[in-house]
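# A closer look at the structure
Read off the chains here:
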4 protein chains.
Amino acid sequence: MKIDLNSDMGEGFGPYRVGDDEALIDVVSSANIACGFHAGDSVIMGRTVKMAKERNVSIGAHPGLPDLMGFGRRVIQMDSAELEKHLIYQIGALQGIAAAAGHRVTHVSYHAELGNMAVANRDIADLLARAIARIDRELIVYSMPDTEVERASERAGLRTLLVHSDTPGAVELARTVRCVVESGGGVVTPASEFLA
Amino acid sequence: MKIDLNSDMGEGFGPYRVGDDEALIDVVSSANIACGFHAGDSVIMGRTVKMAKERNVSIGAHPGLPDLMGFGRRVIQMDSAELEKHLIYQIGALQGIAAAAGHRVTHVSYHAELGNMAVANRDIADLLARAIARIDRELIVYSMPDTEVERASERAGLRTLLVHSDTPGAVELARTVRCVVESGGGVVTPASEFLA
Amino acid sequence: MKIDLNSDMGEGFGPYRVGDDEALIDVVSSANIACGFHAGDSVIMGRTVKMAKERNVSIGAHPGLPDLMGFGRRVIQMDSAELEKHLIYQIGALQGIAAAAGHRVTHVSYHAELGNMAVANRDIADLLARAIARIDRELIVYSMPDTEVERASERAGLRTLLVHSDTPGAVELARTVRCVVESGGGVVTPASEFLA
Amino acid sequence: MKIDLNSDMGEGFGPYRVGDDEALIDVVSSANIACGFHAGDSVIMGRTVKMAKERNVSIGAHPGLPDLMGFGRRVIQMDSAELEKHLIYQIGALQGIAAAAGHRVTHVSYHAELGNMAVANRDIADLLARAIARIDRELIVYSMPDTEVERASERAGLRTLLVHSDTPGAVELARTVRCVVESGGGVVTPASEFLA
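Counting from 1, residues in each chain are numbered in the order their sequence is written. All chains are assigned letters beginning with A, and all ligands numbers beginning with 1, in the order in which they are written. Totals for whole chains, interfaces and linings use every residue, but because this is a predicted model, local features are given only for residues with pLDDT of at least 70 and side-chain atom pairs only at 80 or more, for both listing and counting. Hydrogens and water are ignored here; the side-chain numbers use all heavy atoms of the structure.

## Notes on unusual backbone geometry
Residues and elements named next belong to chain B. Rules: Every helix listed is a DSSP run of H or I at least four residues long, and every strand listed is a run of E at least two residues long, numbered separately from the N terminus.
The phi dihedral of Phe71 is positive, around 55°, even though this residue is not glycine. Take Phe71: it is sitting in the loop between β4 (58-62) and α3 (80-101). Unusually for a residue other than glycine, Asp146 sits at a positive phi of about 60°. When you line up the elements, Asp146 lands in the loop between β6 (140-143) and α6 (148-155).

Following this line, the structure appears as structure tokens:
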């Protein structure tokens, strides 16, 4: 059995911190990194990518709506063409940070309301999936099962990795899961090797 | 004779506009595109890149300090490692926008105070130049002649294109120069073909 | 006949400009000044208030949603308690700028989507009107006729001034109206004197 | 003996939190409230002011440079007229929040680099002090002893309260000080009553 232990990371901003990334990074096999719109900034992204590379943790873009105050959780009405550009910008920014650090972005995981918008609307889901495919056909899209995001990714020729929902107490939970998986002979495997 | 006619572009934000990009894009051979920190946003970047591609205009990243209110012209004291991350983030973001549009970022031109900081400090100039080289060794750095930016770019193994200063009345000036160049048998050549 | 010629003003940001405030300020009798959320910043507010005071033009707060990129025109879902705090903050900020300039804020005019939210929802309209009344009972609320904003203002004990819609070509239109009013023996009167 | 136990508060932003304001508010007699530029937002300001009012804690504006990413600690070069407007805007915003909550702003305490700029430059210190005096002559300026801020406040006719530096472990330290003061027969007194 192979399992990808995944967590959102780098969701601070400037002096603000969210979560215990230093502890989480030692447990997970892949990290969804905030890209500066709902959270995160250049410096935090650089630090998180560096930690991930040192521990062979896969990284993915975790793009959100441009809404730091609302942490990307609020509905902001915008046309889908604008949404698509915000998605592309953020993936590119993380790819740049990764390239400069000798790492590589291997997946995309929509954050909060951006994800809700894609899940709720086939046209939006398709628009975003095709944009991802134009940036890099090898990108894996993280998706809840049986959603428009999953189906759109497949229509765009992208691979998907199906995820199960997160909860509070992330560090302890991840440690427990890792322990259980490994004691059962399973291997916690970075997303980038998962579908290779 | 070959000459690259170059201009800053995409320096609006949201509903705000600066300059007449629609007119300029027909005259220049390369555009420095603001990347969202001192000006520009995802939508404006997308629109500018699309116009450039349709007219075979080369595009470059025009990264600035994170200071929309001050248009990247104000000194903001920050350590050079932070500066480097802001540079990388912005180049990556434009690369993403370009990739999704089927275009390619072929140069980098520092904006305002970010450029001043590099010109004034060899260590900063080297740090930034090496970061650019790690992102893409083929990127051309636009530089004023005989500056730390030029020398750092060469030390980092990057090619440079030496630029001459801009002035108000950009559209008319560019038209005049283009006319003079072409009447003399010269060719206005995109930066991307210039050093190939 | 007395008429209040009113216009939105100070809707630039940093280096960006919108409209010709220097021309408008000579024609209008009251100005709705953007307060830094959808547009405007401390410096622009200071400049606009100073111009208004020098010409005996009444000033009002023109608060909007916290959305510079969308110019306050986009729906942003937030609870009404948050909306109320954003309104209060912006009115206070302009009052501070006015106090320091020896001027006085005498009205409030909701901008774009903030106004739409109040017009569409009696509870929101009441919450905002009561907040305005707590800040200053003398504040006049500008309102389209026969809307929740008008009724809520009256319920909160505030006076209202009914407005008619704006159009492009503001400077010329305002000049024409002023000319017609004055040639007919009417007086263009600052809002602050209108209901005194 | 009367002593004012004072602390910075409300320095989160959106979902981010800094410090344990709920614990601190029970111990201090006055709070310096961030005003949305280096930290804080309308909602957090409203919540902090409400807590302060319920516990008879004096409130002051804690204005900073417009730099959320740098928490107001970075040097940003701007002319003193701009600095003055940012100061005024923030004091006004908090006054609005306070007025709507039935509380009153009774002091001003410069945050970080804004304070450094005033301490380092008599002209800036005077400009800011005079602006405060124009907003409300009763405002008390918190100042380190024997600085340009103290002297400028006196020249502007403002009262000052001399402060001693803060440290980490604010909640415990404040509790200890309060305990020592009260066991010695002293009274922890809100700033607003201190100089009345």
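## Looking at the sheet that holds strand β5 (residues 105-108) of chain C
Residue and element names in this part refer to chain C. The condition that has to hold: Being paired, for any two strands, means DSSP has found at least two bridges between them. A fitted line through C-alpha atoms serves as each axis, taken over the contacting stretch for helices, and the angle formed by two N-to-C directions is quoted from 0 to 180°. Two residues qualify as a contact provided that any one of their heavy atoms is within 4.5 Å of a heavy atom in the partner residue.
With parallel pairing, the 6 strands of this open sheet are ordered in space as β2-β3-β4-β5-β6-β7. Because the sheet does not close on itself, it has two edges, and the strands there are β2 (6-9) and β7 (159-162). Averaged over all pairs of adjacent strands, the angle between their axes in this sheet comes to 35°, without regard to strand direction. In terms of strand pairing, strand β4 (residues 58-62) meets β5 through 3 bridges, oriented parallel. The residue of β5 that forms the bridge with Ile59 is Val105. Contacts from helix α2 (residues 42-54) reach β2, β3 (30-34) and β4 within the one sheet, and its direction differs from that of β3 by about 170°. In the packing of helix α6 (residues 148-155) onto the sheet, the strands contacted are β6 (140-143) and β7, and the crossing angle to β6 comes to about 160°.

## A look at the interface of chain A and chain D
We count it as follows: What counts as buried area is the accessible surface, traced by a 1.4 Å probe, that two parts surrender upon association, with contributions from both included. Salt bridges are defined as contacts in which a side-chain nitrogen from Lys or Arg sits within 4 Å of a carboxyl oxygen from Asp or Glu. The classification used treats Ala, Val, Leu, Ile, Met, Phe, Trp, Tyr, Cys and Pro as nonpolar, Asp, Glu, Lys and Arg as charged, and all other residues, Gly among them, as polar.
At the junction of the two partners, chain A supplies 14 residues and chain D supplies 14 residues. Interface area for chain A against chain D, summed over the two sides, is near 1,000 Å², with a carbon-plus-sulfur share of 78%. Joining chain A to chain D, the criterion identifies 0 salt bridges. In terms of residue class, the side of chain A that touches chain D is built from 8 nonpolar, 4 polar and 2 charged.

## Let's talk about the packing of helix α4 (residues 112-120) of chain D against helix α5 (residues 122-135) of chain D
Two elements in contact, α4(D) and α5(D), have axes whose closest approach is 5 Å; the angle formed by their N-to-C orientations is 115°. When α4(D) is examined against α5(D), the residues D:Leu114, D:Met117, D:Ala118 and D:Ala120 are found in contact with a partner set consisting of D:Arg122, D:Ile124, D:Ala125 and D:Leu128.

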